[in-house]
Amino acid sequence: MLAVTWYHAQRICQWRADIFSPPLKMEEVLPESAPQLSIYPRFVGLLPINFRRIGALLKSDGVGLAVMAVFVIGVALAGWGENYVALDDGRLRWVAVGIIAAAMFAVLVAERHMAATANEAWPEAKFIAPILRLTLAVQCLSLPAFVFPTLNIALFINLPAVLVLVVAIEFLLRGLFSLFMPPKTEEVEPDYLAKSQLAAQLVWPPRPMLFLQHEIHQRFGIDLRQLWALTVLKRVFMPVLTVMIVCGWMLTGFQQVSTTQRGIYERFGKPVTVLPAGLHYGLPWPFGQVKLTENGQVHELAAGEQDDTAPEPLASAEGNAPPGADRLWDAIHSFDKAQIIASQSDDQQSLQIINSDVRFMWRIGLTDNAALAATYRSNNLPALIRSTANQVLVHQFSSLTLEQLLGEQRNALASLINRAVQQKLDALHSGVELLSTVVEAIHPPAGAADAFHGVQAAQISAQALVSRERGHAAELAASAQTLATTRRNQAQMNATDMTSKAQATAVSFAAQKQAVAHAGQVFIDELWFSQLRQTLGHSLLLIIDSRIGAGASPTIDLREFPSLNAAARRDVPAKPTQEPSR
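This structure is a prediction, so every number in the text was calculated from the model and none was measured. Along each chain, the written sequence defines residue order, and numbers are assigned to residues from 1. Residues qualify for local features only when their pLDDT is at least 70, as the model is predicted, and side-chain atom pairs are given and counted only at 80 or more; totals for whole chains, interfaces and linings, by contrast, use all residues. Note that the side-chain values use all heavy atoms of the structure and ignore hydrogens as well as water.

### Concerning the nonpolar core
Part 1 of the reasoning: In these notes, a set of buried Ala, Val, Leu, Ile, Met, Phe, Trp, Tyr and Cys residues joined through side-chain atoms within 4.5 Å is what counts as a nonpolar core. Burial classes follow relative accessibility: with a 1.4 Å probe on protein chains only, a residue under 20% of its type's maximum area counts as buried, one over 50% as exposed, and anything between as partly exposed. By size, the foremost hydrophobic cluster in this structure holds 34 residues, and its most contacted members are Leu65, Met114, Trp122, Ile128, Phe171 and Tyr192.
Part 2 of the reasoning: Note on conventions: DSSP H or I runs of at least 4 residues are helices, E runs of at least 2 residues are strands, and numbering of each starts at the N terminus. For this core, the secondary structure elements donating two or more residues are α1 (2-20), α4 (61-78), α5 (91-116), α6 (125-147) and α7 (154-178).
Part 3 of the reasoning: Residue contributions to this core peak at 9 residues, all from α6.
Part 4 of the reasoning: Contacts: residue pairs with any heavy atoms within 4.5 Å of one another. If near-sequence neighbours (up to four positions away) are discounted, Leu65 is found in contact with Val4, His8, Phe171, Arg174, Gly175, Leu193 and Ala194.

### Some details on the packing of aromatic side chains
Part 1 of the reasoning: For this analysis, a ring pair means two rings from Phe, Tyr or Trp (six-membered ring only for Trp) whose centres lie within 6.5 Å, classed as stacked if their planes differ by under 30 degrees, edge-to-face if by over 60, and tilted for the remaining angles. For the structure shown, the criterion picks out 6 aromatic pairs.
Part 2 of the reasoning: For the pair Trp6 and Trp122, a centre-to-centre distance of 5.7 Å together with 85 degrees between the ring planes defines the contact as edge-to-face. Highlighted residues: Trp6 in helix α1 and Trp122 in the loop between α5 and α6, separated in sequence by 116 residues.
Part 3 of the reasoning: By relative accessible area, which is 40% here, Trp6 ends up partly exposed.
Part 4 of the reasoning: Between Phe127 and Tyr192, the ring centres sit 5.2 Å apart and the planes meet at 15 degrees, which makes this aromatic pair stacked. Here Phe127, found in helix α6, pairs with Tyr192, found in the loop between α7 and α8 (208-220); they are 65 residues apart in sequence, far enough to count as distant.
Part 5 of the reasoning: Aromatic ring contacts, followed pair by pair, group Trp249, Phe268 and Phe287 into a single cluster.

### Considering the sheet that holds strand β5 (residues 288-294)
Part 1 of the reasoning: The 3 strands lie next to each other as β3-β2-β5, forming an open sheet whose pairing is antiparallel. The sheet is open, and its two edges are formed by β3 (270-275) and β5, each paired on a single side. The average angle at which neighbouring strand axes cross in this sheet is 30 degrees, direction not considered.
Part 2 of the reasoning: The pairing criterion is simple: DSSP has to find at least two bridges between the two strands. Of the strand pairs in this sheet, strand β2 (residues 261-267) and β3 are connected by 5 bridges, and their pairing is antiparallel. Bridge pairing links Gly263 to Leu275 in β3.
Part 3 of the reasoning: Contacts from helix α10 (residues 368-376) reach β2, β3 and β5 within the one sheet, and its direction differs from that of β2 by about 75 degrees. Helix axes are fitted to C-alpha atoms over the stretch in contact, other axes to C-alpha atoms as well, and angles between N-to-C directions run from 0 to 180 degrees.

### Here we look at the environment of Gln213
Part 1 of the reasoning: Mapped onto the fold, Gln213 is located in helix α8.
Part 2 of the reasoning: Residue classification places Gln213 among the buried residues on the basis of a relative accessible area of 16%.
Part 3 of the reasoning: With 12 residues separating them in the primary sequence, Gln213 and Arg225 have C-alpha atoms 8.1 Å apart.

### Topic: the packing of helix α11 (residues 381-397) against helix α13 (residues 410-427)
Part 1 of the reasoning: Closest axis-to-axis distance for the α11/α13 pair is 9 Å, and the angle between their directions is 130 degrees. Taken as axis vectors, α11 and α13 run oblique relative to one another. Every pair of crossing elements has a handedness; the one defined by α11 and α13 is right-handed. The segment α11 lies against α13, with Leu384, Ile385, Thr388, Ala389, Gln391, Val392, Leu393, Gln396 and Phe397 engaging Leu413, Leu416, Ile417, Ala420, Val421, Lys424 and Leu425. Each angle gets one of four labels, with under 35 degrees taken as roughly parallel, over 145 as roughly antiparallel, 65 to 115 as roughly perpendicular, and the rest as oblique. Each crossing is labelled by how the near helix is turned from the far one, with a counterclockwise turn of less than a right angle marking it left-handed and a clockwise turn marking it right-handed.

### With respect to the environment of Asn369
Part 1 of the reasoning: Its place among the elements puts Asn369 in helix α10.
Part 2 of the reasoning: According to the relative accessible area criterion, Asn369 is exposed, its value standing at 60%.
Part 3 of the reasoning: When the C-alpha atoms of Asn369 and Val274 are compared, they prove to be 8.9 Å apart, with 95 residues separating the residues in sequence.

### Observations regarding a nonpolar patch on the surface
Part 1 of the reasoning: Patch construction takes residues with relative accessible area above 30% that form no salt bridge. Like charges are linked within 9 Å, and nonpolar side chains (Val, Leu, Ile, Met, Phe, Trp, Tyr) are linked within 5 Å. Here, Shrake-Rupley sampling with a 1.4 Å probe gives the accessible areas, and only protein chains in the shown set may cover a residue. Only one rule defines a salt bridge in this text: a Lys or Arg side-chain nitrogen within 4 Å of an Asp or Glu carboxyl oxygen. A surface patch of nonpolar side chains, amounting to about 1100 Å² of accessible area, comprises Val246, Trp249, Met250, Leu251, Phe254, Phe268, Leu279, Tyr281, Leu283, Trp285 and Phe287.
Part 2 of the reasoning: Elements that contribute at least two residues to the nonpolar patch include exactly α9 (228-251) and β4 (278-281).
Part 3 of the reasoning: Ranked by residue count, the leading element in the nonpolar patch is α9, at 4 residues.
Part 4 of the reasoning: Relative to the helices and strands, Phe287 is located in the loop between β4 and β5.

### Here's the deal with the confidence of the model for the chain
Part 1 of the reasoning: pLDDT expresses, on a scale from 0 to 100, how confident the predictor is about each individual residue. Summary statistics for the chain give a mean pLDDT of 78 and a share of 75% for residues scoring 70 or more.
Part 2 of the reasoning: Confidence drops under a pLDDT of 50 for residues 575-582, and excluding neighbours within four residues, the segment shows 1 contact in the predicted structure.

Right, here's the structure in full:
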């Protein structure tokens, strides 16, 4: 900007030199006949565009000033930042300090010379002096960053760029507005555009009202010094401004805490109490401050999540599922955490690597002590929870095999991890409360997923075959036991039946023996007749009486007598009912 200012001043000085001492011009010899125009000038003459006017516009001072201002703005914004690294302590830093100090001295001498130059000697000197003061201010504000390397406050380091940006924007506006001004002839002195009213305020003591008064008097002929109201306003301005500043400073003691936050009130830097939601008043700043903290907000944290991981965008309810919802083992997930677990192969201990996705739901405790601990004992709660959770996961997974992890209940494992992490956080007085722990996935690495699927399928097939053979063996054993039980019961039934018959026969024999002893031959004859009735009762008999002669005809007795067959049936014992076959 200083170079642009100097360039515009030199152009006006060159115009004055040309006006007061015009260069000698050679006499032009008019040709006898005007040369004939070529095709290109004729074609350009037919176009309704004035290329000379456009060329003159592009070469004007306003366009050059605007382009240079845009360049300055781009350079200032390119160096703008929020995080700066402290400079190394070395000789090169002090060499830079010496160069800046020498440049400041040279700029200061040039500014004093321009300020002391009379308006009649060089009118543009009063416009170059503010830009020199701006350069001096930028150098002064840049010097402490080199002298004190640890002074890396972003606002303090960016302050010189703020001054440059403000003046560059003013130059840009001046260059653009000059394009709408009517062009001046060559006999009229061109306007000096590279001047800054903002840079002109860099004087001590600041006199912005004096500048305004001078501009109004020069442009409108109004002398504000003769107005009584402005005189009174000038006298009471500082007292009123002081009272307003004091009142505004006292109002800094009011603090508003929203319903989703809690406030920790600090008096002279010491935490005193925890403020609930509402409007509160304390000592004004900086003697009393309120640090805001959360009030029950629930956060989700993945153990494998990195600090610089960008949050996943919200997926539409009607669209495709987000990539984070993919739970297939052959895919690599951003939240997976590699863990080393125990393994056993051929009676030898070894190690395996698995991927796990464990998520924690946490919040800052609802008590006042929890809010104080979360605010003052930890600078980064998510990093603390993630570090503690990783320690617990390493301890828990190191004693389990892959089969145990995949076969164990997820809820029991999550509850065990949740208790262990909460105990460690309580021991650190972090003020964090774990609401729940969710084991989203435990699986081998993506590269070994196919091989593990094959091993797992073989194990399932072997277990199914063993279970099938065990079922067949149990079926054969049950069938054999049923057959043996049936045969044993049948044998017991036959033995009981034969024993009963033998006992009945023995009783009958004893009774018959006793009857023979009392009745003699009569009982024997009756018994013989009874046996005949039982034997011949159901048979067709043909009785031949030997006493019937050949000349006598047989006699049939047609009298009705009780049937011997019926009597025989009554005497014959009933046959036992045969048990139906099974």
